[in-house]
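Chain and residue survey
Each chain, letter by letter, is given below.
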Amino acid sequence: MRISEVDEAALLGAFVPHLPKGRQTLLGPGDDCAVLRAPDSRYVVTTDMLVEGSHFKCEWSTPRQIGARAAAQNLADVAAMGAFPTGIVCSLCLREDLQVDWLVEFAKGLADRCGPAGCGVVGGDLTRGPAIAISITAFGDLRGQTAVVRSGAKVGDQIVVAGTLGMSSCGLEIVSQGASPADPAEAESVSIFLAPKPPLHMGPELAKLGAHAMMDVSDGLVKDARRMGKASGVAMALESAELEYFSSLLPSNCTRPLDKILTGGEDHALLATLPKELQLPEGLRAVGTVKVGEGVYLDGELISASGGWESYR
Ligand SMILES: Nc1ncnc2c1ncn2[C@@H]1O[C@H](COP(=O)(O)OP(=O)(O)O)[C@@H](O)[C@H]1O
Ligand SMILES: Cc1ncc(C[n+]2csc(CCOP(=O)(O)OP(=O)(O)O)c2C)c(N)n1
Ligand SMILES: [Mg+2]
């Protein structure tokens, strides 16, 4: 049945039962506001939008993948502060021709990423319009840790990454060509593009390790490292030899792999800097060193191009 054939109460009746409750939810969907516990007394909050055609296409993604992507990109921002996601609210502008089932599958996608993180989907809003737009606001708890900001990188720090780089961009390339994935690496890159799996648990882990700065990589390593460097008043020196691990994960016929690792966005890896003497645990890769100066360097050469996704270009 189309969403235009049912009233809002019936739509919510189909949607809400699929949403995860979350460990910190005191009152979920159904009232004027939700009530969330904030055990730490502070909370982090972030918001991100996805628009049909700009961030996803219904020809490429299942509704469940769109839900997972929408949740993942918001939860990655929470993790990038060193926090644990506690709840999200999700506002949806839906086309009238969508099926009620689309909404149910979208809810399952939100649950795919929020559920395992212990994060509730505690409210939202529904409206109709000419294209799908999704706006999510996410809240997180710092559990006593200091929030890890992007401005704290110190000269001498090692620059580290948790998660993948370039996989989403390879997936976008495959999907844009209308091709089906030919091997497991291609399938994984398409899956990461359509429904990213950020290493959410590594955010608080990095905070505990004493990360000086952290952010998630949404627009590309170079562009986001440039933002971190600028905020911290330092230069970010990347080493291509250290990036080889990320190349090894990419599909074998992915074009310009180093470019994708440097400038491809949307894997939602975590980029952080750590004290130089620290031994890196499983799940973290060193990619370079924080230096005196400004800008981003690769093997000692300044990268002058923006080096990433531009939403307004
Ligand atoms: N419309 C807005 N009003 C206020 N702050 C905004 C707005 N858009 C972006 N910002 C802020 O600017 C910063 C950079 O935004 P953005 O590039 O979207 O971050 P991210 O890549 O982490 O999602 C964030 O702190 C964000 O909250
Ligand atoms: C249909 C489609 N085309 C292209 C892309 C690639 N893409 C869109 S936005 C983006 C970068 C991140 O988007 P933005 O809205 O700037 O996210 P933010 O930095 O706010 O987290 C990329 C790589 C996509 N996801 N979907
Ligand atoms: Mg944003």
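The protein chain is annotated in an unreviewed UniProt entry as Thiamine-monophosphate kinase of Winkia neuii. Regarding the protein chain, the UniProt comment filed under Function (unreviewed entry) reads as follows: "Catalyzes the ATP-dependent phosphorylation of thiamine-monophosphate (TMP) to form thiamine-pyrophosphate (TPP), the active form of vitamin B1."

A few words on the environment of Thr 137. Here Thr 137 lies in strand S6 (residues 133–141). As a C-alpha pair, Thr 137 and Met 214 span 77 residues in sequence and 20 Å in three-dimensional space. Side-chain polar atoms of Thr 137 contact the side chain of Thr 47, separated by 3.2 Å.

The next thing to look at is the UniProt feature "binding site: Mg(2+) 4" (unreviewed entry) in the protein chain. As recorded in UniProt, the feature "binding site: Mg(2+) 4" (unreviewed entry) lies at Asp 32, Thr 46 and Asp 77. An extended arrangement is adopted by the annotated residues: their sequence extent is 46 residues, and the largest C-alpha distance between any two is 25.8 Å. Take Asp 32: it is sitting in the loop between strand S1 (25–27) and strand S2 (35–36). Accessibility expressed as a relative area gives 76% for Asp 32, which makes it exposed.

With that settled, the discussion passes to the state of the cysteines. Disulfide: a covalent bond connecting the sulfur atoms of a pair of cysteines. Enumeration according to the criterion identifies 1 disulfide in this entry. Covalently, Cys 170 is tied to Cys 254 through a disulfide, its sulfur atoms 2.3 Å apart. Taking the sign of the S-S torsion, about -65° here, the bridge from Cys 170 to Cys 254 comes out left-handed. On the criterion of sequence distance, the pair formed by Cys 170 in helix H4 (residues 167–176) and Cys 254 in the loop between helix H8 (244–249) and helix H9 (257–263) is long-range, its members being 84 residues apart. Of the two residues, Cys 170 and Cys 254, neither departs from the other in class, the shared state being buried. Cysteine Cys 33 is unpaired, with the sulfur of Cys 90 as its nearest cysteine sulfur at 16 Å. Here Cys 90 is not cross-linked by a disulfide; its sulfur's nearest cysteine counterpart is in Cys 114, at 8.8 Å. According to the relative accessible area criterion, Cys 90 is buried, its value standing at 3%.

A word on the pairing of strand S7 (residues 158–162). For S7, the tally of buried residues reaches 5 of 5 residues, placing the bulk of the element in the interior. Side chains Gln 158, Val 160 and Ala 162 project from S7 onto one buried face, and the interleaved Ile 159 and Val 161 project onto a second face that is buried too. Here S7 pairs with strand S10 (residues 269–274) via 5 bridges, running antiparallel. By the bridge assignment for S10, Ile 159 is matched with Thr 273. Both S7 and strand S11 (residues 285–291) contribute to a ladder of 4 bridges, which runs antiparallel. The residue bridging Gln 158 from the neighbouring strand is Thr 289, located in S11.

The next subject is H4. Of all the 10 residues making up H4, 7 are buried; the element is thus mostly covered by neighbouring parts of the structure. Among all positions of H4, only Met 167, Ser 168, Ser 169, Cys 170, Gly 171, Ile 174 and Val 175 are buried. Turning to H4, the residues buried within the fold contact helix H5 (184–194), H8 and H9.

Its place among the elements puts Phe 56 in the loop between strand S3 (44–51) and helix H2 (63–79). Residue classification places Phe 56 among the buried positions, given a relative accessible area of 3%. Separated by 57 residues in the primary sequence, Phe 56 and Arg 113 place their C-alpha atoms 17 Å from one another. In this view, Phe 56 contacts Leu 50, Val 51, Ser 61, Ile 66, Ile 132 and Ile 134; residues no more than four positions away in its chain are not counted.

What follows concerns the site of ligand 1. In the vicinity of ligand 1, the contacting residues are Asp 48, Asp 77, Arg 150 and Ser 218. Here an oxygen atom of ligand 1 sits 3.3 Å away from a polar atom, N or O, in the side chain of Ser 218. Out of a free accessible area of 550 Å², ligand 1 has 26% covered by protein chains. Counted by class, the shell around ligand 1 contains no nonpolar, 1 polar and 3 charged residues.

Quick look at the packing of aromatic side chains now. Within this structure, the stated rule accounts for 4 aromatic pairs. Seen from their ring centres, Trp 102 and Phe 106 are 5.6 Å apart, and the 10° between their planes marks the pair as stacked. Residue Trp 102 and its partner Phe 106 are both found in helix H3 (residues 100–114); the two are separated by 4 residues, about one turn of the helix. As far as burial versus exposure is concerned, Trp 102 and Phe 106 are alike and both buried.

Cut-offs applied
Residues numbered from 1 in each chain as written. Chains lettered and ligands numbered in written order. Predicted model: local features only at pLDDT ≥ 70, side-chain atom pairs only at ≥ 80, totals over all residues. Heavy atoms only, no water. UniProt positions renumbered as here; feature names shortened; annotations may be inferred. Helix = DSSP H or I, 4+ residues; strand = E, 2+ residues; numbered from the N terminus. Polar contact = N/O pair within 3.5 Å; in protein donor to acceptor, adjacent residues only side chain to side chain. Buried < 20%, exposed > 50% of the residue type's maximum accessible area, 1.4 Å probe, protein only. Disulfide = S-S within 2.5 Å. Pairing = 2+ DSSP bridges. Contact = heavy atoms within 4.5 Å. Near = heavy atom within 4 Å. Areas by Shrake-Rupley, 256 points an atom, 1.4 Å probe, with all protein chains shown as cover. Nonpolar A, V, L, I, M, F, W, Y, C, P; charged D, E, K, R; others polar. Phe/Tyr/Trp six-rings, centres within 6.5 Å; stacked < 30°, edge-to-face > 60°.

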